[in-house]
Amino acid sequence: MKRFPWWGLLAGLLLSAHAASAHDADILYTQVRRTPDARASEVRQVLTMTAATLGRLVPAGVDADSDGALSQAELDARPDALSSGVWDVLPLTAGGEPCARTAQAARARHTFVELTATFTCPEGRLRQRYGVLSVLPSGYRVILGSVGEGGAPGALFAEAGQPSLDIPGPGEVSSSAIGGFLGWVGLGMRHIFEGVDHLVFLLAVLLVGGGFKRVLLLVTSFTVAHSLTLGATALGWVVLDGERARWVEAAIALSIIYVAVENLVLREHRHRALVTFLFGLVHGFGFASVLAGYGLGDSVVKGLLGFNLGVELGQALVVAVLLPPLRMLQRRPRAHLGTVRVLSVGILAAGGYWMVQRALG
């Protein structure tokens, strides 16, 4: 039987430790409200994002004291920067004709920044080009939520490859209810695949997972736990500000260190399901950092369900790929023991690197 290149996997773990970072909040959420008139209409738009994202859009910077948070005074002091860095690159049209921006405002919320603008638009379907996506790193998305009473209740997604969206009006039929839910599922899958620390934790658990029933118990305990904290945070029952989110990321690294040490020093892992559940609660806060504090409004329940389903589907795919070779390896006790030791050392090193990196900010 051809030997699996475990040393290559170990090298990959160490390299991924350097490449991985805390869970970036890489979405901008927006809602549109239109009030029809005889010849024109007023359109009000709300756009929410993290302070870090706004810092990427305003090169001159808004965070005057560089503390990673934005105060109301700092936002009030830079209206021209917000106009040129955000609204000027979000052109809104109606029936092919440009809308005129008549007012704008910015408010510092607890975990995000809320930008609002009012437009006067001619007749015709609204369309917006999200030019901010050309400035932001690849992977960012704009999520357009519900668009007013009688409008589409789902969500539409824009990304760098397709930066423009037609905005359904009141009474218009849209497929966004289906497409929007699938978009949330895709967002969840993408974040589990890009969340290297979550995948490393899962690998550490599976290395000594045992038979199929035991692996199913471990994965289920992890799933239930992170679903609880993900839901609690996304629904606003638990609030994660910047400082708390940083320590959550450090705690995720600590969970990786702990499981790797257990793999190295314990011969039996009778309480692994409980350990996995407890650390799953912490990892759920990490997943929640993607959704928490965006003012998702009417889309919060659908976004939460779709995103969590995507996380579970991605996790199931990872387990399906890892489990067969690990089960084959367990039939060769000496090879299995050596592999567990080698990979656990690599996992321990990766977790230690993340711990120091995140604790120091």
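Keep in mind that this is a model prediction, so the values were computed, not measured.

## Topic: the overall build of the chain
Consideration 1: A tally of helices and strands in the chain yields 11 helices and 10 strands.
Consideration 2: Out of the 361 residues in the chain, the part that is buried amounts to 48%.
Consideration 3: Partitioning the intrachain contacts of the chain with sequence separation of at least 6 by distance along the chain shows that 74% fall at a separation of at least 24.
Consideration 4: Accessible area of the chain: about 17200 Å², with a carbon and sulfur share of 62%.

## Looking at the packing of helix H6 (residues 196–207) against helix H9 (residues 272–288)
Consideration 1: Two elements in contact, H6 and H9, have axes separated by 12 Å at closest approach and are oriented at 175°. Classed by the angle they form, the pair H6 and H9 counts as roughly antiparallel. Taking contact as the criterion, the partners of Asp197, His198, Phe201, Ala204 and Val205 in H6 are, on H9, Arg272, Thr276, Phe279, His283 and Phe287.
Consideration 2: In the contact of H6 with H9, the residues fall into five nonpolar, three polar and two charged.

## Considering the packing of aromatic side chains
Consideration 1: One pass over the full model with this rule turns up four aromatic pairs.
Consideration 2: Ring pairing ties together the aromatic residues Phe201, Phe222, Tyr258 and Phe279, which thus form one cluster.

## Thoughts on the UniProt feature "transmembrane region" (unreviewed entry) in the chain
Consideration 1: Sequence positions flagged by UniProt for "transmembrane region" (unreviewed entry) are, in local numbering, residues 181–208, 215–240, 246–266, 273–297, 303–323 and 335–356.
Consideration 2: Taken as a whole, residues 181–208 contains 93% helix and 0% strand, while its terminal C-alpha atoms sit 36 Å from one another.
Consideration 3: Split by type, residues 246–266 is 95% helix and 0% strand. Its first and last C-alpha atoms lie 30 Å apart.

## Let's talk about the state of the cysteines
Consideration 1: Applying the stated criterion across every chain yields a total of one disulfide.
Consideration 2: Here Cys99 is linked by a disulfide to Cys121, with a sulfur-sulfur distance of 2.1 Å. Around the S-S axis, the bridge from Cys99 to Cys121 shows a dihedral of about 120° and counts as right-handed. Of this pair, Cys99 sits in the loop between strand S4 (97–98) and strand S5 (100–108) while Cys121 sits in strand S6 (residues 113–122); the two residues are 22 residues apart in sequence, bridging distant segments of the chain. One exposure class covers both Cys99 and Cys121, and it is buried.

## A word on the pattern of salt bridges
Consideration 1: Taken as a whole, this structure holds seven salt bridges when the rule is applied.
Consideration 2: Taking the shortest distance from any N to any O, the salt bridge between Arg358 and Asp197 comes out at 3.0 Å. Highlighted residues: Arg358 in helix H11 (residues 333–359) and Asp197 in helix H6, separated in sequence by 161 residues.
Consideration 3: Here the salt bridges share partners, and the residues they tie into one network are Asp197, Glu249 and Arg358.

## Here we look at the packing of H6 against H11
Consideration 1: Packing of H6 against H11 leaves a shortest axis separation of 10 Å and a crossing angle of 150°. With respect to their mutual orientation, H6 and H11 come out roughly antiparallel. You can see that H6 and H11 cross each other, and the crossing is left-handed. Of H11, the residues touching H6 (which contributes Val196, Asp197, Val200, Leu203, Ala204 and Leu207) are His336, Val340, Leu343, Ser344, Ile347, Trp354 and Arg358.
Consideration 2: In terms of residue class, the contact of H6 with H11 is built from nine nonpolar, two polar and two charged.

## Some words on the environment of Leu278
Consideration 1: Looking at the element boundaries, Leu278 is found in helix H9.
Consideration 2: Sequence spacing of Leu278 and Ser255 is 23 residues, and the spatial spacing of their C-alpha atoms is 9.3 Å.

## Considerations on the sheet that holds strand S10 (residues 164–167)
What holds strands together in a sheet is hydrogen bonding between their backbones, with the strands either parallel or antiparallel.
Consideration 1: Read across the sheet, four strands follow the order S4-S3-S7-S10 without closing on themselves; strand pairing throughout is antiparallel. Taken across any chain shown, the strands that pair with only one partner, and hence form the sheet edges, are S4 and S10.
Consideration 2: The sheet contact formed by strand S7 (residues 126–129) and S10 spans four bridges and is antiparallel. The residue bridging Leu126 from the neighbouring strand is Ile167, located in S10.

## Regarding the nonpolar core
As a rule of thumb, soluble globular proteins bury nonpolar side chains together.
Consideration 1: Counting 36 residues, the largest nonpolar core has Leu28, Leu54, Leu115, Leu126 and Tyr130 as the members making the most contacts within it.
Consideration 2: Counting residues per element, the ones that place at least two in this core are strand S1 (27–36), strand S2 (40–49), helix H2 (51–57), helix H4 (79–85), strand S3 (92–94), S6, strand S8 (141–144) and S10.
Consideration 3: Looking at this core element by element, the count peaks at five residues for S6.
Consideration 4: Those residues in contact with Leu115 that lie beyond four places of it in its chain are Gln45, Val46, Leu47, Met49, Leu54, Leu82, Val86, Trp87, Ala105 and Ala106.
Consideration 5: Ala204, Leu218, Phe222 and Ala253 belong to the second-largest nonpolar core, a separate cluster that totals 29 residues.

Reading guide: rules and limits
Numbering of residues starts from 1 in every chain and runs along the sequence as written. Per-residue local features of the predicted model are confined to residues with pLDDT of at least 70, and side-chain atom pairs are confined, for both listing and counting, to 80 or more; whole-chain, interface and lining totals are unaffected and use all residues. Only hydrogens and water are set aside; all other atoms, that is, all heavy atoms of the structure, feed into the side-chain values. Every helix listed is a DSSP run of H or I at least four residues long, and every strand listed is a run of E at least two residues long, numbered separately from the N terminus. For every residue, the accessible area obtained with a 1.4 Å probe (protein chains only) is divided by the maximum for its type, and the residue is called buried under 20%, exposed over 50%, and partly exposed between those limits. Contacts are assigned to residue pairs with any non-hydrogen atoms lying within 4.5 Å of each other. Accessibility throughout is a Shrake-Rupley quantity obtained with a 1.4 Å probe, and a residue counts as covered only by protein chains that appear here. For helices, the fitted axis covers only the stretch in contact; all axes are lines through C-alpha atoms, and the angles between them, taken along N-to-C directions, range from 0 to 180 degrees. These descriptions rest on fixed angle ranges, namely under 35 degrees for roughly parallel, over 145 for roughly antiparallel, 65 to 115 for roughly perpendicular, and the rest for oblique. In the scheme used here, Gly and all other residues not listed as nonpolar or charged are polar, with Ala, Val, Leu, Ile, Met, Phe, Trp, Tyr, Cys and Pro taken as nonpolar and Asp, Glu, Lys and Arg as charged. Two aromatic rings, drawn from Phe, Tyr or Trp (for Trp, its six-membered ring), form a pair once their centres lie within 6.5 Å of each other, and the interplanar angle then sorts them: stacked below 30 degrees, edge-to-face above 60, tilted otherwise. UniProt positions are given in the numbering used here, feature names are shortened, and annotations may be inferred rather than shown by experiment. The rule for a disulfide is simple: a pair of cysteine sulfur atoms within 2.5 Å. Here a salt bridge means any side-chain nitrogen of Lys or Arg lying within 4 Å of a carboxyl oxygen belonging to Asp or Glu. Each crossing gets its handedness from the near helix: less than a right angle anticlockwise from the far helix is left-handed, clockwise is right-handed. Pairing between two strands requires that DSSP report at least two bridges joining them. The set of buried Ala, Val, Leu, Ile, Met, Phe, Trp, Tyr and Cys residues whose side-chain atoms join them within 4.5 Å is what this entry labels a nonpolar core.

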